[in-house]
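One letter stands for each residue in the lines below.
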Amino acid sequence: LQMAGYAGRTISHFPDFDANSDAETLYNAMKGFGSNKEAILDLITSRSNAQRQEIRSAYKSLYGKDLIDDLKYELTGKFERLIVSLMRPPAYHDAKEIKDAIKGTGTNEKCLIEVLASRTNQQIHGLVEAYKDAYGRDIEGDVIGDTSGHFKKMLIVLLQGTREEDDVVSEDLVVEDAQELYAAGEERWGTDEAKFIMILGNRSVTHLQLVFDEYEKIAEKSIEESIKSELSGDFERLMLAVVQCIRSVPMFFAKCLYKSMKGLGTDDNRLIRIMISRSEIDMLDIRECFRLRYEKSLHSMIQDDTSGEYKRTLLNLCGGDDDLAGEFFPEAAQIAYKMWEISAMTKITLRGTIFPAANFDPASDSQALRKAMKGFGTDEDAIINIVAQRSNAQRQEIRQAFKSLLGRNLMADLKSELSKNLCRLILGLMMTPAEFDAKMMKKAMEGAGTDEHALIEILVTRSNQQIHEMNAAYEEVYKKSLEDDIKSDTSGHFLRILVSLVQGAREEGPADMDRAREDAQVRIREDIALADACNDDSSEMEMKFMSILCTRSFPHLRRVFQEFVRCTNKDVELIIKKEMSGDVKNAMFAIGRHHTRFKIKPALLLCRPYKGNGGNVLMNRAVPQGLGTDDRALIRIMVSRSECDLFNIRKEFKESHEASLHEFIQVEAFVVSLVLPVFCHLQ
């Protein structure tokens, strides 16, 4: 996402620019009683910063007055702050932000972190000079006087603007730096903060991106996780911001913008600072990151959170609404195309959280489980510690040993001794994956209502082999085919989608680029094409989407969606949200998400609920905030993914929620939380 040049800007040079004419327009907008605010904001937000500086000079030459002083006099509140800030050169705007952050009794550490962690060497040098020119003071001295400790040291390193810029990377140095970071934190008692400061404050962006990958191999955790466990306070927040900016400056600002507007009240200073500073650099990139991460456009969030001329000015800086008709703006389409390219090339290492226990003895475990259930009361802790720390294959050996040694059915004994959610969870863990999936499908369809979310989740995320094994287990236990039950419990296009998926016949090969182009564009033949489907009637379109999304391999679908952007300038997910409805939309959206989205780990889908707006996260549905817990969904996800990719899901959950899955479960699911920290290593 950190692309060369300013391809991601939303504000650029105005053609046929005339500084004198613009100065006159602004003068007329402010003379007399009141002011024409719309004329002011429309003109200023349609000129580049360099052109605004020419307008300032022309205004002074023509009228002998300072334009900024007149704007301050005529305008008020947040709108005045925004317009006046737009009139300052970028370096002077940054200088004022830093000055405001450290003046007075308190310090705005968030501002210091955001500005200094995200600026290039050239921008830092400009900031230092502008600060000296504007305030007659040395910025470094002022920062030293207002901060302390390792936080201060890292700020001073960043203020030097000496980060290496060579894109040529030494593999040996990458490994050495990764090992030194590990030795400075995870491998020792206490933390060598100086080593973190030296490496993160000076190495090039390209080098550090490779260091972070190497670090994760060594430490078996991300650099962010280590920083959170080894550092604290403002220093921790600063180092995390540096890491985020190394990974992706646009994503860093997307997160900052979301935080500035979420919840009650708006952090207007932060919102103004970011919208101004990024409008001529990477606002389109930020918008795309924002929409991908929060599943709503930056434009719509600003529209909902602000008002009046202030809102109009911010929306002009934003540049457009990415939710409209699934359309990308031209530059954003290029970015999206590149992101799909990165997604197709990225190799994801999947990791579970449960592994085979060392020195495993099924006979000993069987005896221990029997002992835990004999007599008065049940030793639930003993049961948890055994069941949750064995792989599924080992649990099947325990089941067999329990019957061979004791002549008893372990599942029946557990069911009689445990209750409610703990019983469901332990029994789920003791089943084979195929038995568990078959039972979950049956539960989703029995009774008065149907749990469509569960049907979608299971059928979309299972491999062909897993689906075949589930079908066999279902027929063995319930004496009828899963397909027949689906047909009797669902209808319409949704039924067709589920029946297609339950065949377990998805192609499994790599992407075929020629075929991907055909799938993505209008074709003369009678075959099905996504681009063709966009202009078709709703019913026909759903059938066309179904054919491609339900049968093509996931690597192939990545390429199809990439080509779809190129030939239509549209986003597949937004088309699905706009043109489809109900369970069909939810199923299609889930397929589109699973294995295909940018930088999304497989089964991140499990963290996305299929709500009517295509919106929030299935783990949110399982672990909602304040609305009670969908225990069945939570148990289903944790059991089925614990040996596949729960480690990856855990990481994505924390990045999305800024709180760990462990913390959510502790608050929302007390009984389940007794087990999950043990068998998922969530701490």
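Here the structure is a predicted model, which is why all the values come from computation and not from measurement.

### Details of the overall build of the protein chain
Phase 1 of the analysis: Helices and strands together make up the secondary structure of the protein chain, namely 43 helices and 0 strands.
Phase 2 of the analysis: Taking all 683 residues of the protein chain together, the buried fraction comes to 52%.
Phase 3 of the analysis: Entry remark: accessible area of the protein chain is about 29,500 Å², with carbon and sulfur atoms responsible for 48%.

### Some points on helix α24 (residues 392-406)
Phase 1 of the analysis: Helix length check: α24 (15 residues) gives 21 Å between terminal C-alpha atoms against 21 Å at 1.5 Å per residue, within 8%.
Phase 2 of the analysis: Against α22 (362-373), α23 (380-387), α25 (410-417), α26 (420-430) and α27 (433-445) lie the buried residues of α24.
Phase 3 of the analysis: A positive phi of about 65° marks G407, the residue just after α24.

### A word on the nonpolar core
Phase 1 of the analysis: The biggest cluster of nonpolar side chains holds 95 residues, and the ones touching the most others in it are L71, L200 and M275.
Phase 2 of the analysis: When residues of this core are assigned to their parent elements, the largest contribution, 9 residues, is made by helix α15 (residues 233-247).
Phase 3 of the analysis: Setting aside its immediate chain neighbours within four residues, L200 contacts M154, R163, L208, F212, I227, M239, V242 and V243.
Phase 4 of the analysis: In terms of nonpolar packing, the next biggest core, distinct from the first, is built from 74 residues, L410, L414, L422 and A438 among them.

### Here's the deal with the packing of aromatic side chains
Phase 1 of the analysis: Using the criterion set out here, one finds 10 aromatic pairs in the structure.
Phase 2 of the analysis: With 3.8 Å between their ring centres and 10° between their planes, Y258 and Y294 make a pair best called stacked. Of this pair, Y258 sits in helix α16 (residues 249-261) while Y294 sits in helix α18 (residues 283-294); the two residues are 36 residues apart in sequence, bridging distant segments of the chain.
Phase 3 of the analysis: One aromatic cluster is present, formed by Y27, Y59 and Y63 through successive ring pairs.
Phase 4 of the analysis: The residue whose ring lies beneath R47 is F14, and the NZ or CZ to ring-centre distance is 3.7 Å.

### A look at the pattern of salt bridges
Phase 1 of the analysis: Considering all chains together, one arrives at 37 salt bridges under this definition.
Phase 2 of the analysis: We note a salt bridge from D268 to K78, for which the minimum N-O separation is 3.9 Å. In this pair, D268 sits in helix α17 (residues 268-278) while K78 sits in helix α5 (residues 77-86), placing the two residues 190 residues apart along the sequence.
Phase 3 of the analysis: Put simply, D100 and K96 hold a salt bridge, and the shortest N to O gap is 2.8 Å. With D100 and K96 both in helix α6 (residues 90-102) and 4 residues apart, the pair spans about one turn of that helix.
Phase 4 of the analysis: Three or more residues joined by partner-sharing salt bridges are found here, namely E97, E114, R270 and R273.

### Some words on the side chain of D321
Phase 1 of the analysis: Within the secondary structure, D321 sits in the loop between α20 (308-318) and α21 (330-345).
Phase 2 of the analysis: In this structure D321 is buried but unpaired, with R287 as the nearest side chain of opposite charge at 7.6 Å.
Phase 3 of the analysis: A distance of 2.7 Å separates polar atoms of two side chains, one belonging to D321 and the other to S297.

### Thoughts on the environment of M283
Phase 1 of the analysis: Looking at where M283 falls in the secondary structure, it is placed in helix α18.
Phase 2 of the analysis: Taking C-alpha positions, M283 is 8.3 Å from L317, a pair spaced 34 residues apart along the chain.
Phase 3 of the analysis: Setting aside residues up to four positions removed in sequence, M283 forms contacts with G8, R9, T10, I274, M275, R278, L298, L317 and C318.

### Observations concerning the packing of α6 against helix α9 (residues 139-146)
Phase 1 of the analysis: Interaxial distance between α6 and α9 falls to 10 Å at its minimum, and their mutual angle equals 25°. The orientation of α6 relative to α9 falls into the category roughly parallel. In the packing of α6 onto α9, the handedness of the crossing is left-handed. Facing α6, whose interface residues are I98, K99 and I102, α9 presents I139, D142, V143 and D146.
Phase 2 of the analysis: Partitioned by chemical class, the residues of the contact of α6 with α9 number 4 nonpolar, no polar and 3 charged.

### Side note on the confidence of the model for the protein chain
Phase 1 of the analysis: Taken residue by residue, the protein chain gives an average pLDDT of 85. The fraction at 70 or more is 84%.
Phase 2 of the analysis: Here helix α38 (residues 619-622) is the element of the protein chain with the lowest mean pLDDT, 49, and helix α8 (residues 121-135) is the one with the highest, 98.
Phase 3 of the analysis: Counted against residues more than four places away or in other chains, residues 522-528, with its pLDDT under 50, gives 11 contacts.
Phase 4 of the analysis: Predicted confidence is poor over residues 623-627, with pLDDT under 50, and the contacts of this stretch with residues over four places away or in other chains come to 10 contacts.

### Side note on the environment of R515
Phase 1 of the analysis: Turning to its location among the elements, R515 is positioned in helix α32 (residues 513-520).
Phase 2 of the analysis: For R515 and H556, which are 41 residues apart along the polypeptide, the C-alpha to C-alpha distance reads 8.7 Å.

### Observations concerning helix α30 (residues 482-489)
Residues that lie three or four places apart on an α-helix share one face, since the helix turns once every 3.6 residues.
Phase 1 of the analysis: Among all positions in α30, only L482, D485 and I486 are buried. On an axial view of α30, the arc spanned by its buried residues comes to 100°, and they lie on one face.
Phase 2 of the analysis: Against the buried residues of α30 lie α27, α28 (452-461), α29 (464-478) and α31 (492-502).

### Examining the state of the cysteines
Phase 1 of the analysis: Here the structure, examined in full by the defined rule, presents 0 disulfides.
Phase 2 of the analysis: C256 takes part in no disulfide bond, and the closest cysteine sulfur, belonging to C245, lies 7.5 Å away.
Phase 3 of the analysis: We classify C256 as buried; its relative accessible area is 4%.

Calculation criteria
- Residues numbered from 1 in each chain as written.
- Predicted model: local features only at pLDDT ≥ 70, side-chain atom pairs only at ≥ 80, totals over all residues.
- Heavy atoms only, no water.
- Helix = DSSP H or I, 4+ residues; strand = E, 2+ residues; numbered from the N terminus.
- Buried < 20%, exposed > 50% of the residue type's maximum accessible area, 1.4 Å probe, protein only.
- Areas by Shrake-Rupley, 256 points an atom, 1.4 Å probe, with all protein chains shown as cover.
- Expected span 1.5 Å × (residues − 1).
- Contact = heavy atoms within 4.5 Å.
- Core = buried A, V, L, I, M, F, W, Y, C linked by side-chain atoms within 4.5 Å.
- Phe/Tyr/Trp six-rings, centres within 6.5 Å; stacked < 30°, edge-to-face > 60°.
- Lys NZ or Arg CZ within 6 Å of the ring centre and 35° of its normal.
- Salt bridge = Lys/Arg side-chain N within 4 Å of Asp/Glu carboxyl O.
- Lys, Arg positive; Asp, Glu negative; His and termini not counted.
- Polar contact = N/O pair within 3.5 Å; in protein donor to acceptor, adjacent residues only side chain to side chain.
- Axes fitted to C-alpha atoms, helices over the stretch in contact; angles between N-to-C directions.
- Parallel < 35°, antiparallel > 145°, perpendicular 65-115°, else oblique.
- Left-handed = near helix turned anticlockwise from the far one by under 90°.
- Nonpolar A, V, L, I, M, F, W, Y, C, P; charged D, E, K, R; others polar.
- pLDDT = per-residue confidence, 0-100.
- Arc of directions from axis to C-beta.
- Disulfide = S-S within 2.5 Å.

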